[in-house]
Amino acid sequence: MDLKTEVSELKGIGPKKARAFRDAGIVTLSDLMEFFPRRYEDRRTVTPISSARAGAECLVVAKVAAKRSPRGYYRKNSPLTLIVSDGTGSLEIVFFNGRFLSGLFDEKSEYAFFGKVSENHAMRQMIHPQFAKAGSADDVRGIVPIYPQIPGISQREIRRLQAELVPLYSELEEWIPEKTVREQRLASPEYAIKNTHFPEDGHRMLAGKFRLVFGELFTMETGLMYLRAGDETGGKGVSFSCEAGDRFAAGLPFELTKGQQAAWKSIREDLESDKRMNRLLQGDVGSGKTVIAEMAMLSAASCGLQSVMMAPTELLATQHFDSFTKDLSGWKKPDGRPVSIALLKSSLTAKEKRTVYGSLESGETDILLCTHAVLEEKVKFRDLGLVITDEQHRFGVRQRRILSEKGENVNILVMTATPIPRTLAVIVYGDLDVSQIREMPAGRKPVKTTLARSEDRDKVYDFVEGQLIKGRQAYIVAPLIEESEKIDASSAEEIFRLVSKRFPSYRVEMVHGAMRPQEKDAIMQRFASGETDILVSTVVIEVGINVPNASVMVIENTERFGLAQLHQLRGRVGRGTDESYCFLILDQESEVAVKRAEIMCRTTDGFEIAEEDLALRGPGELFGTRQHGLPQLMISDLSRHRDILEKAAASAKELLADDPGLKKPENLPLKERIRSMFGENISLDL
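A.B. asks: What is the right way to read the overall build of the protein from this model?
C.D. replies: Per the secondary structure count, the protein includes 23 helices and 21 strands. Considering the protein as a whole, with its 686 residues, one finds that 55% of them fall into the buried category. Excluding contacts between residues fewer than 6 apart, the proportion of contacts in the protein whose partners are at least 24 apart in sequence is 71%. As presented, the protein carries roughly 31000 Å² of accessible surface, and 49% of it is formed by carbon and sulfur atoms.

Written out as structure tokens, the structure reads:
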């Protein structure tokens, strides 16, 4: 048995449990070893029963004084009740449907019980506590790890399986360079793993966890910085004058916001220097990122260079094409020819695509707006100088790299409407410089957001009707496509039937991600043109539709969405000059769901919402790690471990300054670790 052995080889793991582990991402013993506790319960201090208070979690050690299964021992669901005593008082232990446990308890024997104390008719009580015979191998005392839930696998079984892996700890090899280990005073891998799964005391647990968190973040940061270094090698960047962009801004019917001006200043400095631009532009939905892209792409065209902007949907690419064509009409290049703009998307005919390919390769096309169709090998540019990806969270590092390799040392700008705190962005996007646009353009009114309950739905729809009467349009979003027995939530199909019946005089359409792209885009286009009054949708509209006339967003089952997603959905309205509204309908009022809704009602600031989202949900969901090309973090929490993240980033920077290619023998284990963490999103020459 070694770290590559599959979990299914362990004793007691049959096909069903092996499948449950596989669904949780655990295939090998190495995966299981890196399945870390989410918290710990301190069960070291025994509480006398007389001191046990209702509502508190306690560890008691007591003898079984009596046990009973009332109302018929052989009846299904019969509870098992134990009366236990420790000399200071008595406690009632209850296991519902627990008659099968009766044989595990001997009267007069002593057991340890851990659970929450309640009170039942003046009698202290524990319902379904953790238990074990006092002094046995399964004794529940100590610092006990609590693991993320895996359906069908108990906490006790996970701890048992982890204990079987202890002999393999000696196989763990050091992979962090010795200098970094010494400077950060890191524990060994064996010590860290042992004291994370089986800590003897709080100090050892913290030392072990620090090593694991630092190691994970150090690997991530080194990988990201390596990506950036790779992008910056191979010669100087393509530089060109941005004078045309300045003239374009001066001729706009509005003044750029301070955030837009600052972002353009940084981008202009990058483009006019020998340094290859590699920049992230963050800004809320509607903050004016596209205008900055127009300025940069016009500047490239005016200097004889080509540029491309890739969008995640055909509709968004088409909208960009329409707005660029309108905004840049009349602009000419130094040779007197007009700036040529083309659109490339999968739904074009083969003949139309060949025409676009030819105009790109000949240099006739200056600006290309496109979808991922541009990534095909047959798409070639004559002189590409600038690559822009819109809605960066929908593209991975690998896709960005493929696009940038269609030119030599091209400048790269990635844009996202998913704000994250600046200090975190600088470190998490370690392969990019970061610019932010924090304010909205003048005249843009904040969307009025209201929390509603399911019983308020009729009133909400009455309000929607009032907006429709005024000639406005509305979105209604559901979390599911169709009804589900497993998930208690409204489906788009169910809402579509309800809304169609409620608004018989208006045109209602439905769109969801399972539709063919052409069908989906056609429906969205009809809504954008005003042919459709109400669009019932799943989160497929989160990105890629701009309808200034839409003034109402209704989000059903708000509890099933995260804050970042709610903010993105709300951003679909408020894009015109009219007052806009968002209604958050809660069906199940959990504490977290209510808190999310209250945050949405309190602020429209995407960066403030990002801070709250990071604290509530953690980084995995917030950043959409798989879409970003960022690795899945197993033990780190970017909201709680910012101090360690900064140390890891500093160590990574120092390491790569000394060994940019990670070619020194002592850095090869780290190089292999990075390749394993990032997978296909990173290219390391071994």
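A.B. asks: Explanation requested: the pattern of salt bridges in the structure shown.
C.D. replies: A side chain with one charge may pair with a side chain of the opposite charge, provided their charged atoms come close. Using the criterion set out here, one finds 34 salt bridges in the structure. Residues Glu92 and Arg68 are paired through a salt bridge, measuring 3.5 Å at the closest nitrogen-oxygen approach. Taken together, the positions of Glu92 in strand β4 (residues 90–95) and Arg68 in strand β2 (residues 57–68) put the pair 24 residues apart, joining distant regions of the chain. Given the relative accessible area of 41%, Arg68 is considered partly exposed.

A.B. asks: Please explain the sheet that holds strand β14 (residues 411–416) as it appears in this structure.
C.D. replies: The strands making up a sheet associate through backbone hydrogen bonding, with each pair oriented either parallel or antiparallel. Across the sheet, 7 strands lie side by side as β11-β12-β10-β13-β14-β9-β15; this open sheet has parallel pairing. This sheet does not close on itself; its edge strands, each paired only once, are β11 (341–344) and β15 (433–437). Between one strand axis and the next, the sheet turns through 20 degrees on average, direction left out of account. Across the sheet, helix α10 (residues 314–327) touches β10 (306–310), β11 and β12 (367–370), and the angle it forms with β11 is around 170 degrees.

A.B. asks: What is the right way to look at the packing of aromatic side chains in this model?
C.D. replies: Aromatic ring pairs: the centre-centre distance and the angle between the two ring planes describe each pair. Evaluated as defined, the whole model comprises 15 aromatic pairs. For the pair Phe463 and Phe583, a centre-to-centre distance of 5.2 Å together with 65 degrees between the ring planes defines the contact as edge-to-face. Residue Phe463 is located in helix α14 (residues 457–469), and its partner Phe583 is located in strand β21 (residues 581–586); the two are separated by 120 residues in the primary sequence. Judged by its relative accessible area of 29%, Phe463 is partly exposed. Aromatic pair Phe503 and Tyr506: ring centres 6.5 Å apart, planes at 75 degrees, arrangement edge-to-face. Phe503 sits in the buried class, given a relative accessible area of 1%. Residue classification places Tyr506 among the partly exposed residues on the basis of a relative accessible area of 23%. A connected cluster of aromatic rings, assembled from ring pairs, spans Phe95, Phe105, Tyr111, Phe113 and Phe131. The ring of Phe131 carries Arg156 above its face, with NZ or CZ at 5.3 Å from the centroid. Note that Arg211 overlies the ring of Trp175, its terminal NZ or CZ placed 5.4 Å from the centroid.

A.B. asks: What's the story with the nonpolar core in this structure? I'm lost.
C.D. replies: Considering soluble globular proteins, one finds that nonpolar side chains tend to be buried as a cluster. In this structure, Val7, Phe21, Leu32, Ile150, Leu217 and Phe218 are the most contacted members of the largest nonpolar core, which totals 51 residues. Going through the elements one at a time, α1 (15–23), α2 (29–33), α3 (155–164), α5 (189–197), α6 (202–232), α22 (642–658) and α23 (668–678) are the ones with two or more residues in this core. At 10 residues, α6 tops the list of elements feeding residues into this core. The residues touching Ile150, leaving out its near neighbours within four places in the chain, are Ala20, Phe21, Ala24, Ile26, Phe35 and Ile158. Ranked by size, the runner-up nonpolar core spans 41 residues in total, among them Ala296, Ala300, Ala301 and Val339.

A.B. asks: Would you take a moment to explain the pairing of β11 for this structure?
C.D. replies: On a regular strand, one side chain projects to one face of the sheet and the next to the other, so that they alternate. Of the two faces of β11, the one lined by Ile341 and Leu343 and the one lined by Ala342 and Leu344 are each fully buried. One ladder, built from 4 bridges, connects β11 with β12; its direction is parallel. When the sheet's bridge partners are listed, Leu343 is paired in β12 with Leu369. Tracing the backbone out of β11, into helix α11 (residues 350–362) and back to the parallel element β12 gives a crossover that is right-handed.

A.B. asks: I tried to follow the packing of helix α9 (residues 289–302) against α10 on my own but got confused; where do I start?
C.D. replies: When two helices pack together, their arrangement is given by the angle between the helix axes and by the axis-to-axis distance. As a packed pair, α9 and α10 sit with axes 11 Å apart at the nearest point and diverge in direction by 60 degrees. When the axis of α9 is compared with that of α10, the two are oblique. Crossing of α9 against α10: the hand is right-handed. Residues Thr290, Ala293, Glu294 and Met297 of α9 form the contact with α10, whose own contacting residues are His320, Ser323, Phe324 and Asp327. In the contact of α9 with α10, the residues fall into 3 nonpolar, 3 polar and 2 charged.

A.B. asks: Looking at this structure, how should I read the state of the cysteines?
C.D. replies: What makes a disulfide is a covalent bond joining the sulfur atoms belonging to two cysteines. Inspection of every chain in the model, using the stated rule, returns 0 disulfides. No disulfide involves Cys303; its nearest neighbouring cysteine sulfur is the one of Cys242, lying 7.4 Å away. Cysteine Cys582 is unpaired, with the sulfur of Cys601 as its nearest cysteine sulfur at 8.0 Å. Looking at Cys582, the relative accessible area reads 0%, which means it is buried.

A.B. asks: Honestly, the pairing of β14 in this entry has me stumped. Any pointers?
C.D. replies: When you tally the buried positions in β14, you get 6 out of 6 residues, the bulk of the element. Because side chains alternate across β14, one face comprises the buried residues Asn411, Leu413 and Met415, and the other comprises Ile412, Val414 and Thr416, equally buried. In this sheet, β14 lies alongside strand β13 (residues 384–389) in parallel orientation, the contact comprising 4 bridges. Paired with Ile388 across the two strands is Leu413, which belongs to β14.

A.B. asks: Explanation requested: α10 in the structure shown.
C.D. replies: Residue pairs spaced three or four apart in an α-helix point in one direction, given the helix's 3.6 residues per turn. Taking 1.5 Å of rise per residue, the 14 residues of α10 would be expected to cover 20 Å, and the 20 Å separating its terminal C-alpha atoms lies within 8% of that figure. Glu314, Leu315, Leu316, Ala317, Thr318, Gln319, His320 and Phe324 are the residues of α10 that are buried. Elements in contact with the buried residues of α10: α9, β10, β11, β12 and α16 (517–529).

Here is what the cut-offs are and how they apply
- Residues numbered from 1 in each chain as written.
- Predicted model: local features only at pLDDT ≥ 70, side-chain atom pairs only at ≥ 80, totals over all residues.
- Heavy atoms only, no water.
- Helix = DSSP H or I, 4+ residues; strand = E, 2+ residues; numbered from the N terminus.
- Buried < 20%, exposed > 50% of the residue type's maximum accessible area, 1.4 Å probe, protein only.
- Contact = heavy atoms within 4.5 Å.
- Areas by Shrake-Rupley, 256 points an atom, 1.4 Å probe, with all protein chains shown as cover.
- Salt bridge = Lys/Arg side-chain N within 4 Å of Asp/Glu carboxyl O.
- Pairing = 2+ DSSP bridges.
- Axes fitted to C-alpha atoms, helices over the stretch in contact; angles between N-to-C directions.
- Phe/Tyr/Trp six-rings, centres within 6.5 Å; stacked < 30°, edge-to-face > 60°.
- Lys NZ or Arg CZ within 6 Å of the ring centre and 35° of its normal.
- Core = buried A, V, L, I, M, F, W, Y, C linked by side-chain atoms within 4.5 Å.
- Right-handed = clockwise from strand over helix to strand, strands pointing away.
- Parallel < 35°, antiparallel > 145°, perpendicular 65-115°, else oblique.
- Left-handed = near helix turned anticlockwise from the far one by under 90°.
- Nonpolar A, V, L, I, M, F, W, Y, C, P; charged D, E, K, R; others polar.
- Disulfide = S-S within 2.5 Å.
- Expected span 1.5 Å × (residues − 1).

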